[in-house]
Amino acid sequence: MTIHPTCEKIDEVISAYALPGTLTDKQPHGNGHINDTFLLTYDTPTGTRKYILQRMNHAIFKNPPALMENISHVTDYLRKVIIRRGGDPDRETLNVIRTAKDSVYYVDSSQNYWRMFLFIEDTICLEQVESTREFYDSAVAFGSFQQMLADFPADTLHETIPNFHNTPSRFRDFQKAVERDALGRAHLVQEEIDFALSREADTHVLTDLLAKGELPLRVTHNDTKLNNILFDRSTRKALCIIDLDTVMPGLSHYDFGDSIRTGASTGAEDEQDLSKIELNLTLYETFTKGFLEGCQGSLTDREIELLPMGAKLMTYECGIRFLADYLDGDVYFKIHRENQNLDRARTQFKLVADMEKKWDAMTRRM
Ligand code: ADP
Ligand code: GN1
Ligand code: MG
């Protein structure tokens, strides 16, 4: 097994949880860009038990205890809603496993923060849409996630990453990365930089309307990419929304937009052949229908009218974040090969350009 160099404390961490049975396997797991995720397997007298163990990215999430307080509150709340609706709370939401000392996280002797969840068995996690029905289902699930949290006390949530989807603030961070040009890469990507800079006016649209009180703040997930939802392996139905690190007050557009960015694109986020990247309008419309259904009539007319802008801005915002990280030397998003963040930025900008071409079709039905 290859263990991430920062994860050499994993055995110390596993001991802190004192789980029943014998540990038979520990493997790196999943394709997240942020945390280090492992799957643990135990043999117990009552059968095999699996757990997800994660080293939280402490460089990105500056206050892991506050983050875990959010996740505990949100998952406790979701459990109750799911039970009330007759669902299965062990499979339809994350379940935090506590340490032997009854804490929801563990700090190892090198000051890394860890947490553990029940592994949700018999599920699949998709990197790209395989069928329209699955995407529709994910849309209903993300819409109803917002709906389930409609009465959650938003003021108890900590802001785990300040200004996470504040696009003007992301734009300023991007400008600073261009000015710093830490690795002397800027001249290689002038075309991409110009593409981003020329769209500054768009960055303010949603935050201005929020400030004017024309769009409501809700409790949103804020990272609704397709691989943050688990599908039931046998029914292929959307089962559980995971990766709750960024559940915070936000706009419905953030969740709508981030799903479109990942799910309605015709190619992978890091596709190098840009001719393969466009917005699939059928998937866009499918998702819109499902999301509105999941939100159960709770979105205002103004919110609905601006959903296309959510799609465009979340794609643009992710593009400038990837490009800034490429310029900074790939310090935020995990990369597995050279120029991966640049390739990711390029796919996002290609999608934005395609949305601009298809804008009439995207806005027609709103
Ligand atoms: P990151 O923030 O790095 O994206 P995630 O929390 O999304 O981390 O986890 C990474 C991957 O691990 C997910 O995409 C999913 O495949 C898998 N995963 C996470 N939690 C669970 C769980 N409770 N049960 C099953 N798989 C999970
Ligand atoms: C990160 O954690 P993960 O891989 O689901 C990032 C998102 C980006 C996404 C791009 C906390 O999501 O904001 O949209 O990568 N999460 C954080 O793929 O920054
Ligand atoms: Mg994730």
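Within every chain, residues take consecutive numbers counted from 1 along the sequence as written. Chains carry letters and ligands carry numbers; both start at the beginning, A for chains and 1 for ligands, and go up in the order they are written. Reporting in this predicted model follows two pLDDT cut-offs: at least 70 for local features of residues, and 80 or more for side-chain atom pairs to be given and counted; totals over whole chains, interfaces and linings ignore these cut-offs and use all residues. Values reported for side chains reflect all heavy atoms of the structure, with hydrogen atoms and water molecules removed beforehand.

Participant: So, the overall build of the protein chain: which residues are in play, and what are the values?
Facilitator: Per the secondary structure count, the protein chain includes 13 helices and 11 strands. Between the two quantities, the radius of gyration covers C-alpha atoms and the globule rule is 2.2 Å times the number of residues to the power 0.38. The C-alpha radius of gyration of the protein chain comes to 20 Å, within 12% of the 21 Å expected for a compact globule of 366 residues. If you line up the protein chain on its principal axes, its C-alpha atoms span 60 × 50 × 35 Å. Residues counted as buried form 53% of the 366 residues belonging to the protein chain. Strands are runs of DSSP state E lasting at least two residues, helices are runs of H or I lasting at least four, and both sets are numbered from the N terminus onward. Remark: exposure states derive from per-residue accessible area (1.4 Å probe, protein chains only) relative to the maximum for the residue type, with buried under 20%, exposed over 50%, and partly exposed in between.

Participant: Please give an account of the site of ligand 1 that cites residues and values.
Facilitator: Around ligand 1, 19 residues are found, and the nearest of them are N35, Q54, L118, I120 and D243. At a separation of 3.0 Å, a nitrogen atom of ligand 1 approaches a polar backbone atom of L118. The separation between an oxygen atom of ligand 1 and a polar side-chain atom of N228 is 3.0 Å. Only the protein chains shown count as covering a residue, and every accessible area follows the Shrake-Rupley method with a 1.4 Å probe. When ligand 1 is considered free in solution it has 560 Å² of accessible area, and contact with the protein chains removes 96% of it. Cavity means a closed set of points on a 1 Å grid over the protein atoms alone, one where a 1.4 Å probe fits but cannot get out, pocket means an open set with protein on both sides within 12 Å along at least 5 of 7 lines, and lining means a residue has an atom within 4 Å of a point. Cavity and pocket membership follows a simple rule, namely that a molecule belongs there if more than half of its atoms are within 2 Å of the grid points. Judged by the proximity of its atoms to the pocket grid, ligand 1 belongs to the largest pocket. When grouped by side-chain class, the residues that make up the shell around ligand 1 number nine nonpolar, nine polar and one charged. Summary of the distance rule: residues count as near a molecule or strand when at least one heavy atom falls within 4 Å of that molecule or strand. Pairs of N or O atoms are called polar contacts if they sit within 3.5 Å, as long as, within protein, a hydrogen donor faces a hydrogen acceptor (for residues adjacent in sequence, only side-chain-to-side-chain pairs). Charged means Asp, Glu, Lys or Arg here, nonpolar means Ala, Val, Leu, Ile, Met, Phe, Trp, Tyr, Cys or Pro, and polar covers whatever is left, Gly included.

Participant: Talk me through helix α8 (residues 252-263); I want residue IDs and the actual numbers.
Facilitator: For α8, with 12 residues, the first-to-last C-alpha span of 17 Å sits near the 16 Å given by 1.5 Å per residue. Buried residues dominate α8, accounting for 12 of its 12 residues. Where α8 is concerned, the buried positions are S252, H253, Y254, D255, F256, G257, D258, S259, I260, R261, T262 and G263. Given a helix with a known number of residues, its expected span is that number minus one, times 1.5 Å.

Participant: For the coordination of the magnesium ion (ligand 3), give the residues involved together with the corresponding values.
Facilitator: A donor here means an N, O or S atom no more than 2.8 Å from the metal, or no more than 3.2 Å when the metal is Na, K or Ca. Since water is not included, a site may seem to lack partners. In this structure, N228 (OD1) and D243 (OD) serve as the protein donors to the magnesium ion (ligand 3), at separations of 2.2 Å. Pair noted here: N228 is in the loop between β8 (218-220) and β9 (229-232) and D243 is in the loop between β10 (238-241) and β11 (248-250), with a separation of 15 residues, a long-range link. Residue classification places D243 among the partly exposed positions, given a relative accessible area of 24%.

Participant: I'd like a rundown of the site of ligand 2, residues and numbers included.
Facilitator: Of all residues adjacent to ligand 2, which total 17 residues, the nearest are H33, K225, E269, R321 and Y332. Between an oxygen atom of ligand 2 and a side-chain N or O atom of N228, the distance comes to 2.9 Å. Between an oxygen atom of ligand 2 and a side-chain N or O atom of R261, the distance comes to 3.4 Å. Protein contact buries 98% of the 440 Å² of open area that ligand 2 shows by itself. Here ligand 2 occupies the largest pocket. Here the element with the most residues in the shell around ligand 2 is helix α11 (residues 307-328); it accounts for three residues.

So yeah, pure geometry; function would need other evidence.
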